[in-house]
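Tertiary structure, described
Below are the chains, spelled out letter by letter.
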Amino acid sequence: MSETTFDSVYREIFPFWEKISEKDREYICQNSSNVVYPKGKNIHDGSECSGVILVRSGSLRLYMMSEEGKDITLYRLHRGDLCMLSASCVLNAVTFDVFVDAEEDSECLVVGGAAFASVSERNPDIRIFALETAVSRFSDVMWVMQQILFMSMDRRLAIFLFDEAARTGSDTIALTHGQIARYMGSAREVVSRMLKYFAGEGIVESSRGGIRILDKNRLRKLTL
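Residues numbered from 1 in each chain as written. Predicted model: local features only at pLDDT ≥ 70, side-chain atom pairs only at ≥ 80, totals over all residues. Heavy atoms only, no water.

Some words on helix α4 (residues 124-150)
- Here α4 is 27 residues long and its end C-alpha atoms lie 39 Å apart, about the 39 Å a rise of 1.5 Å per residue gives.
- All of the buried residues in α4 are Ile126, Phe129, Ala130, Thr133, Ala134, Arg137, Val141, Val144 and Gln147.
- The secondary structure elements touched by the buried residues of α4 are α1 (3-13), β5 (71-77), β6 (82-83), α3 (113-122) and α5 (153-168). (Helix = DSSP H or I, 4+ residues; strand = E, 2+ residues; numbered from the N terminus. Expected span 1.5 Å × (residues − 1). Buried < 20%, exposed > 50% of the residue type's maximum accessible area, 1.4 Å probe, protein only. Contact = heavy atoms within 4.5 Å.)

Things to note about the pairing of strand β8 (residues 106-111)
- The element β8 is largely enclosed, with a buried count of 5 among its 6 residues.
- As defined by bridge partners, strand β1 (residues 32-37) adjoins β8 across 6 bridges and the pair is classed as antiparallel. Bridged to Ser33 within β8 is Val110.
- Bridge count for strand β3 (residues 52-57) against β8 is 5 bridges, and the pairing is antiparallel. Its bridge partner being in β8, Val55 is matched across the sheet by Cys108. (Pairing = 2+ DSSP bridges.)

Overview of the nonpolar core
- Grouped together as the largest cluster of nonpolar side chains are 23 residues, with contacts concentrated most on Tyr10, Phe14, Phe16, Trp17, Met84 and Phe116.
- Only α1, α2 (22-30), β3, β8, α3 and α4 provide two or more residues apiece to this core.
- Ignoring sequence-local partners within four residues, the contact set of Phe14 consists of Leu82, Phe116 and Phe129. (Core = buried A, V, L, I, M, F, W, Y, C linked by side-chain atoms within 4.5 Å.)

Observations concerning the sheet that holds strand β10 (residues 204-207)
- One open sheet holds the 3 strands; their spatial order is β9-β11-β10, and the pairing between them is antiparallel. Strands at the two margins of the open sheet, each flanked by one partner only, are β9 (172-173) and β10.
- Pairing geometry for β10 and strand β11 (residues 210-213), over 4 bridges, is antiparallel. Among the inter-strand pairings, Ser207 is bridged to a residue of β11, identified as Gly210.

No statement about biological role is implied by the geometric values presented.
This is the structure in structure tokens:
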């Protein structure tokens, strides 16, 4: 991908782009790359500044890992979403490790962390943008924590299925029980048991293709 192409993309997604110098714009473009991550690839392991990642296609999962190896999904990123927590060198206030995996084959634009940090030191508009972008995601993180700590499993699962159907525009959730459990921070057995209960109530139907919502009204009531 050429520097001109990077420039046209960044002009649309970075509100600070016109406020920084042409030299800084060129430097960011020169240190950008178009990367295709295969499904299952770990993109960021929290130990280094991987850079700012823009998802062009596919899906990324951000999660935290305990010392025992248990992980909790914080949120997922899809086409058009921007990952700022992978640029820890820009966000010095972020002191916890965040991991990023490709959930499916994903094409991304990556701005080198060192280059983005260097330009941000000269441009407060970039630092403000980076902080605002990260903070906007913390509401997603707090929502996850609220569900895990305070909500019943049936309500959590109903919310997940309802939100996923709204995001994809389909009543069929093309995910395995294991994937759903990982996204929800639960055990596969627990998710399978609850889906079996939903199926028995005529709310959903499980198949190899995923979970099909049969009664969206009843599912929505479970989310309340």
